[in-house]
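Survey of secondary and tertiary structure
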Amino acid sequence: MLEAINIARDMMLRKKGGPFGAVIVQNDKIIARGWNKVTSSHDPTAHAEIVAIRKACKALNSFVLAGCQMYVNCEPCPMCLAALYWAKIDMVYYAADQHDAAQIGFNDQLIYQEISNPPEKRQLKMSQIMRQEALPVFQLWQDMEDKILY
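Residues numbered from 1 in each chain as written. Predicted model: local features only at pLDDT ≥ 70, side-chain atom pairs only at ≥ 80, totals over all residues. Heavy atoms only, no water.

**Brief notes about the nonpolar core**
The biggest cluster of nonpolar side chains holds 22 residues, and the ones touching the most others in it are Ala22, Ile24, Ile53, Leu65, Met70 and Ile89. Contributions of two or more residues to this core are made by β1 (21–26), α3 (48–60), β3 (68–74) and α4 (78–87). It is α3 that contributes the most residues to this core, six residues altogether. If we skip the residues at most four places from it in the chain, Leu65 touches Ile24, Ile53, Ala56, Cys57, Leu60, Ala87, Lys88, Ile89 and Asp90. Counting five residues, the second largest nonpolar core, distinct from the first, contains Ile7, Val23, Val25 and Trp35. (Core = buried A, V, L, I, M, F, W, Y, C linked by side-chain atoms within 4.5 Å. Buried < 20%, exposed > 50% of the residue type's maximum accessible area, 1.4 Å probe, protein only. Helix = DSSP H or I, 4+ residues; strand = E, 2+ residues; numbered from the N terminus. Contact = heavy atoms within 4.5 Å.)

See below:
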């Protein structure tokens, strides 16, 4: 955890992004480090957890991080939490929580609330179109015998 905290502080002070750092560990060894790169990379998805997940997947040549743990200096936001589920990481250890983050301007409460709303009630305007045209691609996927499940 201290490594995640130190990365957060050091990279923030170097103007690389916000105050967030993460490490991924497998078999008691750090296999990936990540820090918030949102402002330095002009990428709103470049949160510390996402950066670390990408590096760990590349290091392991896999999109599955089962057998790994993440240490992050703050509770993951909704986007990062979803990515951790998709990566199938075993355990997440975090220091500060979402309320601590909100106090310094990183308030994700709207997103937590919006996720539970049906699409038509979200602040982000959404409209479903061309569903019937999209479904044959899903059928092709379902019928593929050599697909890689995830």
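From this point, the narrative continues.
**Details of the pairing of strand β4 (residues 91–96)**
As defined by bridge partners, β3 adjoins β4 across five bridges and the pair is classed as parallel. In the sheet register, Val72 faces β4, and the bridge partner there is Tyr94. Handedness of the crossover is the feature at issue here: the chain leaves β3, passes through α4, returns alongside β4, and the resulting connection is right-handed. (Pairing = 2+ DSSP bridges. Right-handed = clockwise from strand over helix to strand, strands pointing away.)

**A short note on α3**
Over its 13 residues, α3 runs 18 Å from end to end, which matches the ideal 18 Å to within 8%, given 1.5 Å per residue. Along α3, the residues that are buried comprise Ala48, Glu49, Ile50, Val51, Ala52, Ile53, Ala56 and Cys57. Backbone geometry just after α3 places Asn61 at a positive phi near 55°. (Expected span 1.5 Å × (residues − 1).)

**A look at the state of the cysteines**
Throughout the structure, instances matching the rule amount to zero disulfides. With no disulfide of its own, Cys74 lies 9.2 Å from the sulfur of Cys77, the closest cysteine sulfur. Looking at the unpaired Cys77, the closest cysteine sulfur is the one in Cys80, lying at 3.7 Å. (Disulfide = S-S within 2.5 Å.)

**As for the packing of aromatic side chains**
Note on aromatic pairs: each is described by the distance of the centres and the angle between the planes. Considering all chains together, one arrives at four aromatic pairs under this definition. Measuring from ring centre to ring centre gives 4.8 Å for Phe20 and Phe106, while their planes differ by 90°; the resulting arrangement is edge-to-face. Within this pair, whereas Phe20 is found in the loop between α1 (2–13) and β1, its partner Phe106 is found in the loop between α5 (98–103) and α6 (109–116), the two being separated by 86 residues in sequence. The exposure class of Phe20 is buried, given its relative accessible area of 15%. Ring geometry for Tyr71 versus Tyr93: centroids 4.7 Å apart, planes at 15°, classification stacked. One end of the pair, Tyr71, is in strand β3; the other, Tyr93, is in strand β4, and 22 residues separate them in sequence. Look at Tyr71 and you get partly exposed, because its relative accessible area is 23%. (Phe/Tyr/Trp six-rings, centres within 6.5 Å; stacked < 30°, edge-to-face > 60°.)

In short, the description is geometric, and any link to function would need to be established separately.
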